[in-house]
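Residue-level listing of the chains:
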Amino acid sequence: MDNTSFWNKINEIIKADFSNAGLAILDKFAEQLINGRIVYQRFSPTEQYGSSEGGATHVIASIIAGAETLSDPEYPFRQNFKKNTFDKSIKIRV
């Protein structure tokens, strides 16, 4: 499954009001992420590990949040992120 197919499936699940079948798919995705068979590219390796350690509920919540809030690879915070530190001079737009 490619990235586009993955997010299309997640959006279908959300639009279907989290049917039982959709929840089963989310559980499957969570299990695959926890076991390292899929990688949530939006997360750093440390975030991926932490999400996995948080369990299936945490993974599913992160995936759903990711579907609702698109990533922005050009965001200055992401470009300056190194070893859990950040440039304090960066102004975050709200």
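The structure this text deals with has already been given above.
Here's what I pulled together on the structure shown here. (Residues numbered from 1 in each chain as written. Predicted model: local features only at pLDDT ≥ 70, side-chain atom pairs only at ≥ 80, totals over all residues. Heavy atoms only, no water.)

**Quick notes on the overall build of the chain**
In step 1: In terms of helices and strands, the chain carries 5 helices and 0 strands.
In step 2: Listed N to C, the secondary structure of the chain is α-α-α-α-α in terms of helices and strands.
In step 3: Within the chain, residue pairs in contact and separated by at least 24 positions form 43% of the contacts whose partners lie at least 6 positions apart.
In step 4: Carbon and sulfur atoms make up 54% of the accessible area of the chain, which amounts to about 7000 Å² in all. (Helix = DSSP H or I, 4+ residues; strand = E, 2+ residues; numbered from the N terminus. Contact = heavy atoms within 4.5 Å. Areas by Shrake-Rupley, 256 points an atom, 1.4 Å probe, with all protein chains shown as cover.)

**A short note on the packing of aromatic side chains**
In step 1: Applying the stated criterion to the full structure yields 2 aromatic pairs.
In step 2: Look at Phe 6 and Trp 7: their rings are 5.0 Å apart centre to centre, the planes differ by 85 degrees, and that puts the pair in the edge-to-face class. Side by side, Phe 6 and Trp 7 carry an identical accessibility label, which is buried.
In step 3: With a centroid separation of 4.8 Å and an interplanar angle of 45 degrees, the aromatic rings of Phe 6 and Phe 29 are classed as tilted. Of the two residues, Phe 6 sits in helix H1 (residues 3-15) while Phe 29 sits in helix H2 (residues 20-34), which places them 23 residues apart along the sequence. Both residues of the pair, Phe 6 and Phe 29, count as buried. (Phe/Tyr/Trp six-rings, centres within 6.5 Å; stacked < 30°, edge-to-face > 60°. Buried < 20%, exposed > 50% of the residue type's maximum accessible area, 1.4 Å probe, protein only.)

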